[in-house]
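# Examination of the molecular architecture
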Amino acid sequence: AQKVTQAQTEISVVEKEDVTLDCVYETRDTTYYLFWYKQPPSGELVFLIRRNSFDEQNEISGRYSWNFQKSTSSFNFTITASQVVDSAVYFCALSENNNNDMRFGAGTRLTVKP
Amino acid sequence: GAGVSQSPSNKVTEKGKDVELRCDPISGHTALYWYRQSLGQGLEFLIYFQGNSAPDKSGLPSDRFSAERTGGSVSTLTIQRTQQEDSAVYLCASSLGGRGRGTQYFGPGTRLLVL
């Protein structure tokens, strides 16, 4: 069965620090999809990125970057020069090609202090 | 365009009462999902609809929970004889493709409190 582990429950950093959120997944499927979502205090889940299992290229979007490594079953998320507005709970999620549900990690609560 | 909308935003009910939660997916999205998020927890899958196919109800926690999707669009999640442990945020999501392939976009959720 698919499984997502976010070992970091809470992280606190000072503004302008870089921070990496870890995500490790388990799946038996060869085709799967990985996601990161942001949940700010308002509660709405905001889609950040989607990665297909056959595309291991890292991605950068502004201050955000993602490192996908199939060899270690990891899909880590780095925020460079963090800002207070980055404070939120971040969820990593996995869906398999032949399953209907998306499995979420427990989330990492990031607090960025001014 | 409009995102996923859910109503009501908040619902307070008494134990034993029935509640209905509504979800309007993004127009054109064929797949619709319901999740439950208990306080400080991750998301728990409840049910999945794809087009006119039979829904995947494998995540529903008990037979007090049911959902329907009318006309392939709006969905209603019904909880009968609510219990205090049903208190949570209920999130709806929709996607263009189903069976794990589509990117799910979430609504703002309905915060349910059972007294």
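Presented here is a report on the structure given in the accompanying data block.

### As for the interface of chain A and chain B
Counting residues at the interface gives 20 residues for chain A and 20 residues for chain B. Buried area between chain A and chain B, both sides added, is near 1700 Å², and the carbon and sulfur share of it is 48%. If you sort the residues of chain A by the area they bury against chain B, Leu45, Asn100 and Phe104 of chain A come out on top, with a joint share of 32%. Connecting chain A to chain B are 0 salt bridges. Summed over the shared surface of chain A and chain B, the number is 3 residue pairs in polar contact (both at pLDDT 80 or more). Here the side of chain A that touches chain B gets 4 residues from one element, more than from any other, and that element is strand 5 (residues 32–39) of chain A. Here the residues of the side of chain A that touches chain B are counted per class, giving 9 nonpolar, 7 polar and 4 charged.

### Focus: the sheet that holds strand 7 (residues 75–79) of chain B
Residues and elements named next belong to chain B. In space, the 4 strands of this open sheet follow the order 1-3-7-6, with antiparallel pairing throughout. The open sheet has two free edges, formed respectively by strand 1 (5–7) and strand 6 (65–69), since each of these has just one partner strand. Across the sheet, the mean angle separating the axes of adjacent strands is 15° when strand polarity is ignored. Across 5 bridges, the pairing between strand 6 and strand 7 is antiparallel. In the strand pairing of strand 7, arginine 69 is matched with serine 75.

### Examining the packing of aromatic side chains
Summed over the entire model, instances satisfying the criterion amount to 20 aromatic pairs over all chains. Consider the rings of tyrosine 25 of chain A and tyrosine 32 of chain A, whose centres lie 5.2 Å apart with planes at 50°: the pair is tilted. Grouping residues by exposure puts tyrosine 25 of chain A and tyrosine 32 of chain A together as buried. By the ring-pair criterion, three or more aromatic residues cluster together here, those being Phe35, Tyr37, Phe47, Phe91 and Phe104 of chain A together with Tyr33, Tyr35, Phe45, Tyr48, Tyr105 and Phe106 of chain B.

### Details of unusual backbone geometry
The step from serine 7 of chain B to proline 8 of chain B runs through a cis peptide bond, and the omega angle for that step is -10°. If you trace the backbone, proline 8 of chain B turns up in the loop between strand 1 and strand 2 (10–13). At lysine 16 of chain A, a position not held by glycine, the phi torsion is positive, near 85°. Positionally, lysine 16 of chain A belongs in the loop between strand 2 (10–14) and strand 3 (19–21). The phi torsion at arginine 81 of chain B lies on the positive side, around 45°, for a residue other than glycine. Looking at the secondary structure, you find arginine 81 of chain B in the loop between strand 7 and strand 8 (88–95).

### Focus: the pattern of salt bridges
Taken as a whole and assessed by the stated rule, the structure comprises 7 salt bridges over all chains. Here aspartate 55 of chain A ties to arginine 51 of chain A by a salt bridge, and the two come within 3.6 Å at their closest N and O atoms. By relative accessible area, which is 26% here, aspartate 55 of chain A ends up partly exposed. A salt bridge links glutamate 44 of chain B to arginine 36 of chain B; the nearest nitrogen and oxygen atoms lie 3.1 Å apart. What makes glutamate 44 of chain B partly exposed here is its relative accessible area of 31%. Taken together, the shared-partner salt bridges in this structure form one network comprising Arg51, Asp55 and Glu59 of chain A.

### Topic: the nonpolar core
Core analysis: the biggest nonpolar cluster contains 23 residues, and Trp36, Phe75, Phe77, Tyr90 and Leu110 of chain A have the highest contact counts within it. For this core, the secondary structure elements donating two or more residues are strand 2, strand 3, strand 5, strand 8 (64–69), strand 9 (74–79), strand 10 (88–96) and strand 12 (108–113) of chain A. By residue number, the principal contributor to this core is strand 10 of chain A, which donates 4 residues. Counting residues in each nonpolar core, the second largest holds 20 residues, with Val4, Phe65, Tyr90 and Leu112 of chain B among its members.

Thresholds applied
Residues numbered from 1 in each chain as written. Chains lettered and ligands numbered in written order. Predicted model: local features only at pLDDT ≥ 70, side-chain atom pairs only at ≥ 80, totals over all residues. Heavy atoms only, no water. Contact = heavy atoms within 4.5 Å. Buried area = accessible area lost by both parts, 1.4 Å probe. Salt bridge = Lys/Arg side-chain N within 4 Å of Asp/Glu carboxyl O. Polar contact = N/O pair within 3.5 Å; in protein donor to acceptor, adjacent residues only side chain to side chain. Helix = DSSP H or I, 4+ residues; strand = E, 2+ residues; numbered from the N terminus. Nonpolar A, V, L, I, M, F, W, Y, C, P; charged D, E, K, R; others polar. Pairing = 2+ DSSP bridges. Axes fitted to C-alpha atoms, helices over the stretch in contact; angles between N-to-C directions. Phe/Tyr/Trp six-rings, centres within 6.5 Å; stacked < 30°, edge-to-face > 60°. Buried < 20%, exposed > 50% of the residue type's maximum accessible area, 1.4 Å probe, protein only. Core = buried A, V, L, I, M, F, W, Y, C linked by side-chain atoms within 4.5 Å.

The values are spatial; any link to function lies outside them.
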